[in-house]
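Residues per chain are reported as follows:
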Amino acid sequence: MPKKVSELTALEVKHLGMGMHNLGGVKGLYLRNTPSQSVFLLRYSDATGRHDFSLGNYPEMSLKQARKAALEARELINRGESPIEARQKAKQAKKDAALALAREEAKNEMTFERVAEEWIQDRVQHNYWARNNRGEINTRRNLEKYVYPYIGRKNIEEINAEMVRDCLRPIWQSLPSTAKKAKSHIFKIFQWAIALHKREKEVNPASWDGALAVLMEPLQNDRKPKQNQAACDFNEIPRLFAEMKPYFSISARACEFAILTAARSKAVRFATWDEFDLEKGIWTIPLEHDKIKVPNRDRTIFLSKQAIDLLKKLPRFAESLYVFPSSQGSHLSDTAMTMFLRGLHEKRREKDGIGWIDPIKSKKTGTPCTITIHGTARASFRTWAKDDLSENNRRFDQEAVELCLLHTKNDAYEGAYDRAPLANERRKIMQAWGKYCLSQCND
């Protein structure tokens, strides 16, 4: 029979040192003291495993209050309920109540947030995001985080260019891409509101042709430059593949495939088997998995023999259509490949003290920059393809190299009059790249 723990007093608790201390009085009640904080915990086990349920910080929560909270949690556990889920439900209920109250208060007022939500619903009803399954989520998230806090509660008629400027100013220089999206959403919402007479004023305060451009002009200078993602030195790519090959995880194979095809992470992670024709050596990326949402553009990736061989050796799971499925059968998360490369970096750093870093970016920033899958799959390939020491700049058609990256024509007509796919040249380039990548691997 386990020894009964003596019930500590408030004075005894006050003088406890660092570590985990059983307080007695309620089964599983502990105080965890660390240099940064002291927390009351209730330790318990249920069908899902062992849990440390946080009750509150000490001394903000007294010992008496902690024991009361622990008893209440124990009652839930004894009834087969989870105190963790109960707390989450309570928080959600409180959040829902506050949101309902806010919406009720704004119901009779035509606020920007109300109009924006109607605009979103209009797009949903007309399948605007049919080929972009995260379009609605990302749009709403951008508005909720960067727009609603500034102009969400304001009447749609009262909003002017100065208010839009004040909304964009905090992120205009630090998060230029995010700010551009926010401005685009605001502009489109006002255009929609004006067209449907939800705003009587016909001037769009987010128009770049009006006052907003003048107000934003001082903020145009010193905008944060676009940061390129860290890439592996292309000379090191064969060694990188040699280090990846012994690993048998799906993340490892996904990293290899992304680099072999110079493809973006999303296209690889969301790839399904029906996108591939291994006999023809073709991978056709669907619009919804592509960064550029222009219909009918060429999204063909020509597969090297090495990429095809990788695909043929992959296991196929009846419960998942994905080429690189997660353990749950869904697509890989956006961090799966990142974490694999990070682990590879740490292991190499233990050996050479450097690891897998981008030498050029590390030198510019003054800090070691661990390679990323996007930079390595795309920038390393692009740099290799135009390297003059190996004469690749003469060996390969550079326009075809851009097409291998699915880059559109960079001209005023976006290639409208030049539709040559350069298929043979692209196949040659990707095959040479595949052979180069695995040049230090022993089959």
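Residues numbered from 1 in each chain as written. Predicted model: local features only at pLDDT ≥ 70, side-chain atom pairs only at ≥ 80, totals over all residues. Heavy atoms only, no water.

Asker: Describe the overall build of the chain, naming the residues involved and giving the relevant values.
Answerer: When helices and strands are tallied, the chain shows 19 helices and 7 strands. Among the 443 residues that make up the chain, the fraction classed as buried is 42%. For the chain, restricting intrachain contacts to residue pairs at least 6 apart in sequence, the fraction spanning at least 24 positions comes to 57%. Once the 74 positive and 57 negative side-chain charges of the chain are each reduced to a mean point, those two points are 4 Å apart. (Helix = DSSP H or I, 4+ residues; strand = E, 2+ residues; numbered from the N terminus. Buried < 20%, exposed > 50% of the residue type's maximum accessible area, 1.4 Å probe, protein only. Contact = heavy atoms within 4.5 Å. Lys, Arg positive; Asp, Glu negative; His and termini not counted. Charge placed at Lys NZ, Arg CZ, Asp CG, Glu CD.)

Asker: Which residues make up the packing of helix α10 (residues 237-244) against helix α19 (residues 423-437), and what values do they have?
Answerer: At their nearest, the axes of α10 and α19 sit 8 Å apart, and the two run at 60° to each other. Judged on the interaxial angle alone, α19 and α10 are oblique. Taken together, the residues of α19 that come into contact with α10 (itself represented by Ile-237, Pro-238 and Phe-241) are Trp-433, Tyr-436 and Cys-437. (Axes fitted to C-alpha atoms, helices over the stretch in contact; angles between N-to-C directions. Parallel < 35°, antiparallel > 145°, perpendicular 65-115°, else oblique.)

Asker: Account for the packing of aromatic side chains, naming residues and giving values.
Answerer: Per the stated rule, a full pass over the model turns up 16 aromatic pairs. With a centroid separation of 5.4 Å and an interplanar angle of 85°, the aromatic rings of Tyr-247 and Phe-340 are classed as edge-to-face. Residue Tyr-247 is located in the loop between α10 and α11 (250-261), and its partner Phe-340 is located in helix α14 (residues 336-352); the two are separated by 93 residues in the primary sequence. Phe-340 sits in the buried class, given a relative accessible area of 11%. A network of ring pairs unites the aromatic residues Phe-257, Trp-273, Phe-276, Trp-283 and Phe-324 as a single cluster. In this structure, Arg-316 is placed above the aromatic ring of Trp-273, and the distance from its NZ or CZ to the ring centre is 3.7 Å. Positioned over the ring face of Trp-356 is Arg-348, at 3.8 Å from the centre of the ring. (Phe/Tyr/Trp six-rings, centres within 6.5 Å; stacked < 30°, edge-to-face > 60°. Lys NZ or Arg CZ within 6 Å of the ring centre and 35° of its normal.)

Asker: Give a detailed account of the sheet that holds strand β1 (residues 19-22), specifying residues and quantitative values.
Answerer: With antiparallel pairing, the 4 strands of this open sheet are ordered in space as β1-β2-β3-β4. Two strands close off the open sheet at either side, each with one partner strand: β1 and β4 (49-58). Direction aside, neighbouring strands of the sheet carry axes that sit 30° apart on average. Packing against the sheet, helix α2 (residues 63-78) makes contact with β2 (29-33), β3 (38-46) and β4, and its axis sits at approximately 15° to β3. (Pairing = 2+ DSSP bridges.)

Asker: How would you explain unusual backbone geometry if you had to name every residue and give the values?
Answerer: The general pattern is negative phi for most residues beyond glycine and trans for most peptide bonds. Here the bond from Tyr-58 into Pro-59 is cis, since omega is 10°, no more than 30 degrees from zero. Structurally, the position occupied by Pro-59 is in the loop between β4 and α2. Located in the positive-phi region is His-197, a residue other than glycine, with phi close to 60°. Assignment of secondary structure puts His-197 in the loop between α8 (176-195) and α9 (211-220). On the basis of relative accessible area, His-197 is assigned to the exposed category, the value being 58%. Although it is not a glycine, Ala-262 adopts a positive phi angle of roughly 55°. Inspection of the secondary structure assignment puts Ala-262 in the loop between α11 and α12 (265-269).

Asker: Can you tell me about α10, naming the residues and giving the values?
Answerer: Listing the buried residues of α10 in full gives Ile-237, Pro-238, Leu-240, Phe-241 and Met-244. For α10, the buried positions fall inside an angular range of 160° around the axis, keeping them on one side. Buried residues in α10 make contact with α11, α14, α16 (373-385) and α19. (Arc of directions from axis to C-beta.)

Asker: Kindly report on the sheet that holds strand β7 (residues 300-302), identifying the contributing residues and their values.
Answerer: Taken together, 3 strands build an open sheet; the order of strands is β5-β6-β7 and the sheet is antiparallel. Among the strands making up the open sheet, the edge pair consists of β5 (276-277) and β7. The pairing of β5 with strand β6 (residues 282-284) spans 2 bridges and is antiparallel. From the neighbouring strand, Phe-276 faces β6, where its bridge partner is Trp-283. Strand contacts of α19: β6 and β7, with the helix running at about 50° to β7, the strand carrying the most contacts.

Asker: Talk me through the packing of α10 against α11; I want residue IDs and the actual numbers.
Answerer: Running from N to C, α10 and α11 cross one another at 155°; their axes reach a closest spacing of 10 Å. Between α10 and α11, the interaxial angle falls into the category roughly antiparallel. Crossing geometry of α10 relative to α11 is assigned as left-handed. Here Leu-240, Phe-241 and Met-244 of α10 come into contact with α11, specifically with Ala-252, Arg-253, Cys-255, Glu-256, Ile-259 and Leu-260. When grouped by side-chain class, the residues that make up the contact of α10 with α11 number 7 nonpolar, no polar and 2 charged. (Left-handed = near helix turned anticlockwise from the far one by under 90°. Nonpolar A, V, L, I, M, F, W, Y, C, P; charged D, E, K, R; others polar.)

Asker: Pulling in residues and values, what's your account of the side chain of Arg-199?
Answerer: Following the sequence through the fold, Arg-199 ends up in the loop between α8 and α9. Glu-157 is the oppositely charged side chain nearest to the buried, salt-bridge-free Arg-199, at an N-O distance of 5.1 Å. One polar contact links the side chain of Arg-199 to the main-chain carbonyl oxygen of Ile-156, over a distance of 2.6 Å. A polar contact is formed between the side chain of Arg-199 and the backbone oxygen of Ile-159, at a distance of 3.3 Å. Non-local contacts of Arg-199, meaning those with residues more than four positions away in its chain, are made with Ile-156, Glu-157, Ile-159, Phe-190, Ala-193, Ile-194 and Pro-205. (Salt bridge = Lys/Arg side-chain N within 4 Å of Asp/Glu carboxyl O. Polar contact = N/O pair within 3.5 Å; in protein donor to acceptor, adjacent residues only side chain to side chain.)

Asker: A description of α2 should follow, citing residues and the corresponding values.
Answerer: For α2, built from 16 residues, the straight-helix expectation of 22 Å at 1.5 Å per residue is met to within 8% by its first-to-last C-alpha distance of 22 Å. Of the residues flanking the end of α2, it is Gly-80, one or two places downstream, whose phi is positive at about 85°. (Expected span 1.5 Å × (residues − 1).)

Asker: If you had to explain the pattern of salt bridges to someone new, which residues and values would you point to?
Answerer: Tallied over the full model, the rule gives 21 salt bridges. Salt-bridge contacts for Asp-290 lead to Arg-264; the nearest nitrogen and oxygen are separated by 3.8 Å. Taken together, the residues span a long stretch of sequence, with Asp-290 in the loop between β6 and β7 and Arg-264 in the loop between α11 and α12 at a distance of 26 residues. Exposure class is identical for Asp-290 and Arg-264. Each is buried. Note that Arg-426 and Asp-298 form a salt bridge whose closest N and O atoms lie 2.9 Å from each other. Here the residue Arg-426 occupies a position in helix α19, and Asp-298 occupies one in the loop between β6 and β7, the gap between them amounting to 128 residues. For Arg-426, a relative accessible area of 1% translates into the label buried. For Asp-298, a relative accessible area of 35% corresponds to the partly exposed category. A single salt-bridge network, built from bridges that share partners, covers Glu-236, Arg-239, Arg-348 and Asp-352.

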